[in-house]
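Coordinate inspection notes
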Amino acid sequence: MSDIKWLPDGQKTFDKLMAAVPEAMRDAIKPKLLQMLAGKAAGQPVSGDLVKTWVKEDLPEPQRSALMAALGMKPDGDQKPAAPVAAAAGWQGNAEVMFERMLQEVPDMMREVFRGKLMGIANEKAKGGPIAEDHILSIVKEIVPDPFKTNILKAFATMGGVDLSNLEKLIESTPGGQETVIGLLHAVQAEFGYCPREAVTMISQRKCVPMAVMYRLLTCYSAFRLQKPGKHVVTVCTSTGAYVNGGGALLKQIKDKIAKTGANITVETARDLGCANVAPAIMVDGEIFSGVQAQAKLEQIFSESN
Amino acid sequence: MADIKWLPDGQETFDKVIAAVPEGMRAAMKPKLIEMLAAKAGGKKISRKIVEAWVKEDLPEPQRSVLMAALGLDRPAAKADAAAVKKAAWKVKGAVKNAADLAKMKAAGQELLAPKTLRITVSSASCGLAKGAETVAAALQDAVKKQKVNADVVLVGSNGMSWAEPMVSVIKAGKPCIVYGNVTADAAAGIVKAAAAGKIVEDLALMRVDSIKVDVTGEKIKYAADKAPAAALAKVKDGSKIDFFKKQLKIVSRNAGIIAPDRIEEYIGLGGYQALAKALGSMKPADVIKEVKESKLRGRGGAGFPAGIKWEACSKAAGDKKYIVCNGSEGDPEIGLHKSFLESDPHMLIEGMLLAGYAVGADEGYVYLNDRYVLAVERVQTAIEQAEKVGLLGKNILGSGFSFTLKVKRGGGAYVCGEETALLNALEGSFAEPRPRPPLPVHQGLNGKPTVVNNLETLSTVSAIVLKGGKWFAGIGTPASKGTKIVALSGNVARPCWVEVAMGTVIGDIITAFAGGTASGKKVKAFQTGGPSGGILPASQLKLKLDYDALGKAGSLLGSGGLLVMDEDCDVVDVARFLTEFFLEESCGKCTPCREGVKRLNEIVSCIADGRGTKAQLALVKTMGEAMSAACFCALGKTAAAPILTVMKHFPKDVNGKMLKTIN
Ligand SMILES: Cc1cc2nc3c(=O)[nH]c(=O)nc-3n(C[C@H](O)[C@H](O)[C@H](O)COP(=O)(O)O)c2cc1C
Ligand code: SF4
């Protein structure tokens, strides 16, 4: 394995390929595939295209077709070779990050096809020059349908920093001093999912509360997060009632599953969800679920967060 | 695979099923699923119905739920609709400037509660919502629209029967109210259809209710005509004759589950704000205090201090700015019993705070709520806005010259903020730490001004006392503990729930009558009252009465009314470890005996719970318990050793079993 040299897109393509292999077999198969690939590369650095050629030419069916599909390659029979994805002539500002962010909204399977198409449009807009942020923005606004459009635009708003305009308005409409800080922090966390430093600093300055005090408040109250959480936050009830009924099992089940799937989910516990009467309860992004509803909700967020 | 024949809709449905299988597993699972499906079809062509039935009947959980969701079988109505039911904000009409306005609004409220058409309510406190009340409400809404029935679908609170959530009640003119339990969205259409026809879906019906109490004075709204019930009705039990309600005495929680928390008219329809009108109209502040003193109402938040005496002290304190603060910290890791109540009837608390403000001469109040109680914060906020809109909060209330403003504040999440001085710190935006006392809050509380801090149940009880008199209230309960108490049952119980019972009710009876004993069907081994600092008591003490003094003498406390049940298989030493760990997490660190004490205590108790205990450790736990109860700054530290100490006292066998055999 040490004798494989990767180009960045080669590594990426290979990872995608591995993701398409059923989980249970992944570990067993990986060394074999690497060995085959190394043979194909014959000492050359492995590019994305090489991985694709290898899949197309060397793999046996049915794996071949399945993996070709997973890599977004056209199935056989289609005589026309897939149009190569044109490269951008260059990027300005955050344009490349924005372009990638836009593609994230496309389901895995179709992403590569879209990449080519959208890149073409972007190049057209840029008229051969480097692609600017405005070009991407106009693509999103003109072509992308909702709800993806809204999601993407929202993501753009906070790109490269934290958009504090809502907080600014809120501070202006909240008279008072330090007694308003906890409420403001709740609002910050509701907007960002955690308390970003920029927001905390703004409150500190406007309300004339030293950062040291802000930090102590943020840490002595358990409601506040200083780190950005995952895509979803699951809070598991650890009330005494739930504990007596073996509530630890659910927490463990969720943690294990996250460890296994690498899902982008943050797990927290709370002793006072106030719902031990429907235990074991969980809170997902602020909404409480129990029993069958809880299981179904968990399945849903796991499938979304992979 | 060749032997399967598809109908087009069957193929389509099956594709949906496959799409819901995680990608990585799809190829592997498909043949297996088809095999199962073929078996189900038994040679017939596969239709959508067969696929759906197969998912519903044959698949194991959790796959079943997931796939049902994927096929849209669990929720006929879109989630967006559900949000619409919730968000369709209720608009209050009219103002309440005097007693006549109040009477008018009372009539309007009763019209809503017992309309000439049809009222369908869905219990939507957190416990109901957690079990899908929102989708049920949406499905009902949908059915009402589709069947063109003229009905008011209302989100109400919870009546305490948590195990039967979500519940739906149907109120039709001239008929008794029918309450359905464990309702799913699937059942909604049937319920609406039956309701419109004046019929009953018998297998879902929990009970019927013939009348509801308007307030504590004995006035009632009769739902049913007084005739003998029809044949179909006879099969549905009369709610007032079911043990669950018969054995309760509902004073504070009497409206919960009946009224919509976001319609002030409905609270007023059931006699709401009458106590306020009475106090402002015909009583001096001192008279209100006198009634509360006479009622012998004691604080429901833990310490059990007489509310009247606290109010009197505050009213006498020097200063013209005073505050009323409601303690809704509810940090006990048990059940959040008041949350459900508050989500069901927020106006009861607001009226109590108004009365407290009038009695002590305060013009500003704060409702401090646990940071997890997002829905309760929302509902209290809505209630405050409505009271302001009609003029029951604000300036010159009911033309009396008395003014009062109220704000709700969400806490930051720290158990110690339940302690009243730490709570005041939190309200001021300071750290979660208790303050030295004296000065007492009634002398120097919020912002250094005289402040009454009361538990939310204490405050919610006051309106009934003012309306019916302190003597009446003092006639209920035991010599040391008057009135009623909300108790929440959790842990190993067959039917988790919350109930309101007269003080003096025997604890064992509460467990059997309301919660149906243990969930496992085994004997009760231990129980704990009063939250984490309460003692863990053995089954032999089940005959104890709900009473501040009796529980105190037994080494526990009434606390805020949690009742945790453990069965024979429960490892009580491990529960004590769990609770010690809770104190370790929640100690604020202000004082050394607690900060260092809980850490060491947790080390020792964990060691014992793991089966590596020594006699020396047991002796040390005792000494530490004594030292901490003497030296800690607040009750959190003072009582942190209570769980392990009571376990050592009452369950010596369990503790002995955890001793290291080689040393001892
Ligand atoms: C650690 C600790 C936690 C407490 N938690 C609560 C609570 O959650 N709710 C409450 O009403 N009182 C709580 N108390 C009691 C309060 O300090 C205070 O006695 C009570 O709010 C007074 O109101 P009452 O007289 O109406 O009971 C707690 C006390 C301590 C020491
Ligand atoms: S006893 Fe514990 S919680 Fe109370 S002040 Fe001391 S350290 Fe803080």
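Keep in mind that what you see is a predicted model, and the values were worked out from it rather than measured. (Residues numbered from 1 in each chain as written. Chains lettered and ligands numbered in written order. Predicted model: local features only at pLDDT ≥ 70, side-chain atom pairs only at ≥ 80, totals over all residues. Heavy atoms only, no water.)

**Quick look at the overall build of chain A**
- Within chain A, the secondary structure is distributed over 15 helices and four strands.
- Within chain A, the proportion of its 306 residues that are buried is 41%.
- As displayed, chain A has an accessible area near 16,200 Å², and 55% of this comes from carbon and sulfur atoms. (Helix = DSSP H or I, 4+ residues; strand = E, 2+ residues; numbered from the N terminus. Buried < 20%, exposed > 50% of the residue type's maximum accessible area, 1.4 Å probe, protein only. Areas by Shrake-Rupley, 256 points an atom, 1.4 Å probe, with all protein chains shown as cover.)

**Section: the site of ligand 1**
All names here are of chain B.
- Residues in close proximity to ligand 1 total 18 residues, the closest being Gly301, Asn327, Asn454, Asn455 and Thr458.
- Contacts to ligand 1 include Gly301, whose backbone N or O atom sits 2.7 Å from an oxygen atom.
- Between ligand 1 and the protein, one listed contact pairs an oxygen atom with a backbone N or O atom of Glu330 at 3.0 Å.
- When isolated, ligand 1 has an accessible area of 610 Å², and the protein chains bury 90% of it.
- Comparing atom positions with the cavity grids shows ligand 1 to sit within the second largest pocket.
- Broken down by secondary-structure element, the contributors of at least two residues to the shell around ligand 1 are β11 (451-455) and α27 (635-638).
- In the shell around ligand 1, the residues fall into four nonpolar, nine polar and five charged. (Near = heavy atom within 4 Å. Polar contact = N/O pair within 3.5 Å; in protein donor to acceptor, adjacent residues only side chain to side chain. 1 Å grid on protein atoms, 1.4 Å probe; cavity = no way out; pocket = protein on both sides within 12 Å on 5 of 7 lines; lining within 4 Å. Sits in = over half its atoms within 2 Å of the grid points. Nonpolar A, V, L, I, M, F, W, Y, C, P; charged D, E, K, R; others polar.)

**A look at the site of ligand 2**
Residues and elements named next belong to chain B.
- Lining the immediate environment of ligand 2, one finds 13 residues, of which Cys588, Gly589, Cys591, Cys594 and Cys634 sit closest.
- With respect to the pocket detection grid, ligand 2 is positioned in the largest cavity.
- Per-class residue counts for the shell around ligand 2 are nine nonpolar, three polar and one charged.

**Overview of the layout of surface pockets**
Residues and elements named next belong to chain B.
- Taken as a whole, the second largest pocket holds about 1,200 Å³ of empty space.
- Lining the second largest pocket are 50 residues, with Gly301, Gly302, Ala303, Gly418 and Glu419 sitting closest to its centre.
- Of all the secondary-structure elements, those providing two or more residues to the lining of the second largest pocket are α15 (307-316), α19 (420-427), β11 and α27.
- Here the lining of the second largest pocket takes five residues from β11, the largest share from any one element.
- Class assignment for the residues of the lining of the second largest pocket results in 20 nonpolar, 20 polar and ten charged. (Points joined across faces, edges and corners; volume = space filled by probe spheres on them.)

**With respect to the sheet that holds strand β9 (residues 364-369) of chain B**
All names here are of chain B.
- Here four strands make up an open sheet; going across it, the order is β10-β9-β8-β11 and the pairing parallel. Edge positions in the open sheet fall to β10 (405-410) and β11, since each of these has one partner strand only. Going across the sheet, the axis of each strand differs from the next one's by a mean of 20°, ignoring polarity.
- Sheet topology note: the strand β8 (residues 323-328)/β9 ladder contains six bridges and is parallel. Bridging from a neighbouring strand, Asn327 pairs with Tyr368 of β9.
- The strands touched by helix α18 (residues 374-390) within the sheet are β9 and β10, with β10 carrying the most contacts at an inclination of about 165°. (Pairing = 2+ DSSP bridges. Axes fitted to C-alpha atoms, helices over the stretch in contact; angles between N-to-C directions. Contact = heavy atoms within 4.5 Å.)

**Let's talk about the domain arrangement of chain B**
Residues and elements named next belong to chain B.
- The domain boundaries assigned to chain B delineate domain 1 (11-77), domain 2 (111-246), domain 3 (273-468), domain 4 (484-564) and domain 5 (572-656).
- Distance between the C-alpha centres of domain 4 and domain 5: 22 Å.
- On the side of domain 5, 14 residues touch domain 4, which itself brings 13 residues to the contact.
- Of the roughly 980 Å² buried at the junction of domain 4 and domain 5 (both faces included), carbon and sulfur atoms supply 71%.
- Contact with domain 5 buries area across many residues of domain 4, yet Lys525, Pro532 and Ile536 alone supply 54% of it, more than any other trio.
- One can count one salt bridge joining domain 4 with domain 5.
- Our count for the domain 4 to domain 5 interface comes out at three residue pairs in polar contact (both at pLDDT 80 or more).
- Elements supplying a minimum of two residues to the side of domain 4 that touches domain 5: β14 (524-529) and β15 (536-538).
- Here the residues of the side of domain 4 that touches domain 5 are counted per class, giving six nonpolar, six polar and one charged. (Domains from an automatic or database assignment. Buried area = accessible area lost by both parts, 1.4 Å probe. Salt bridge = Lys/Arg side-chain N within 4 Å of Asp/Glu carboxyl O.)

**Structural notes on a nonpolar patch on the surface**
Residue and element names in this part refer to chain A.
- On the surface, Met109, Met110, Val113 and Phe114 cluster together to form a nonpolar patch covering roughly 330 Å² of accessible area.
- With respect to the helices, strands and loops of the structure, Met109 is situated in helix α6 (residues 108-126).
- Met109 gets classed as partly exposed once you look at its relative accessible area, which sits at 39%. (Patch = residues over 30% accessible without salt bridge, like charges linked within 9 Å, V, L, I, M, F, W, Y side chains within 5 Å.)

**Let's talk about the side chain of Thr484(B)**
Residue and element names in this part refer to chain B.
- Here Thr484 shows up in strand β12 (residues 484-491).
- The exposure class of Thr484 is buried, given its relative accessible area of 1%.
- A distance of 2.5 Å separates a polar atom in the side chain of Thr484 from a polar atom in the side chain of Glu500.

**With respect to the domain arrangement of chain A**
- Taken domain by domain, chain A consists of domain 1 (8-70), domain 2 (95-157), domain 3 (165-220) and domain 4 (232-305).
- Centre-to-centre, using C-alpha coordinates, domain 1 of chain A lies 28 Å away from domain 2 of chain A.

**Brief notes about the nonpolar core**
Residues and elements named next belong to chain B.
- Tyr273, Trp311, Leu392 and Phe404 are the most contacted members of the largest nonpolar core, which totals 116 residues.
- For this core, the leading source of residues is helix α17 (residues 346-360), giving ten residues.
- Ranked by size, the runner-up nonpolar core spans 75 residues in total, among them Ala432, Ala526, Cys570 and Cys594. (Core = buried A, V, L, I, M, F, W, Y, C linked by side-chain atoms within 4.5 Å.)

**Here's the deal with the interface of chain A and chain B**
- Taken together, the 42 residues of chain A in the interface contact 58 residues of chain B.
- At the boundary of chain A and chain B, one finds one salt bridge.
- Salt-bridge contacts for Arg216(A) lead to Glu433(B); the nearest nitrogen and oxygen are separated by 2.8 Å.
- At the surface where chain A touches chain B, the tally comes to 13 residue pairs in polar contact (both at pLDDT 80 or more).
- When contributions to the side of chain A that touches chain B are tallied by element, the ones reaching two or more residues are α10 (181-192), α12 (211-220), α13 (240-244), β2 (265-270), β4 (287-290) and α15 (291-304) of chain A.
- No other element matches α15(A), which puts five residues into the side of chain A that touches chain B.

**What to know about the environment of Gln44(A)**
- Tracing the sequence through the fold places Gln44(A) in the loop between α2 (23-41) and α3 (48-58).
- Placed 214 residues apart in sequence, Gln44(A) and Ile258(A) show a C-alpha to C-alpha distance of 37 Å.

**Observations regarding the sheet that holds β15(B)**
Residues and elements named next belong to chain B.
- Pairing is mixed in the open sheet, where five strands are placed in the order β13-β12-β16-β14-β15. Each edge of the open sheet carries a strand with a single partner, namely β13 (497-502) and β15. Put simply, the sheet's adjacent strands are angled 30° from each other on average, direction ignored.
- Bridge count for β12 against strand β16 (residues 562-567) is four bridges, and the pairing is parallel. Paired with Gly491 across the two strands is Val565, which belongs to β16.

**What about a positive patch on the surface?**
- Together, Lys213(B), Lys220(B), Lys222(B) and Lys468(B) make up a region of like positive charge exposed at the surface.
- The topology assignment puts Lys213(B) in strand β6 (residues 211-213). (Lys, Arg positive; Asp, Glu negative; His and termini not counted. Charge placed at Lys NZ, Arg CZ, Asp CG, Glu CD.)

**Some words on the packing of aromatic side chains**
- One pass over the full model with this rule turns up 13 aromatic pairs over all chains.
- With centroids separated by 6.1 Å and ring planes inclined at 65°, the aromatic side chains of Trp472(B) and Phe473(B) adopt a geometry described as edge-to-face.
- By relative accessible area, which is 22% here, Trp472(B) ends up partly exposed.
- Site record: aromatic cluster; members linked through ring pairs are Trp163(B), Phe244(B), Phe245(B) and Phe514(B).
- Between the NZ or CZ atom of Arg216(A) and the centre of the ring of Phe431(B), over which it lies, the distance is 3.7 Å. (Phe/Tyr/Trp six-rings, centres within 6.5 Å; stacked < 30°, edge-to-face > 60°. Lys NZ or Arg CZ within 6 Å of the ring centre and 35° of its normal.)

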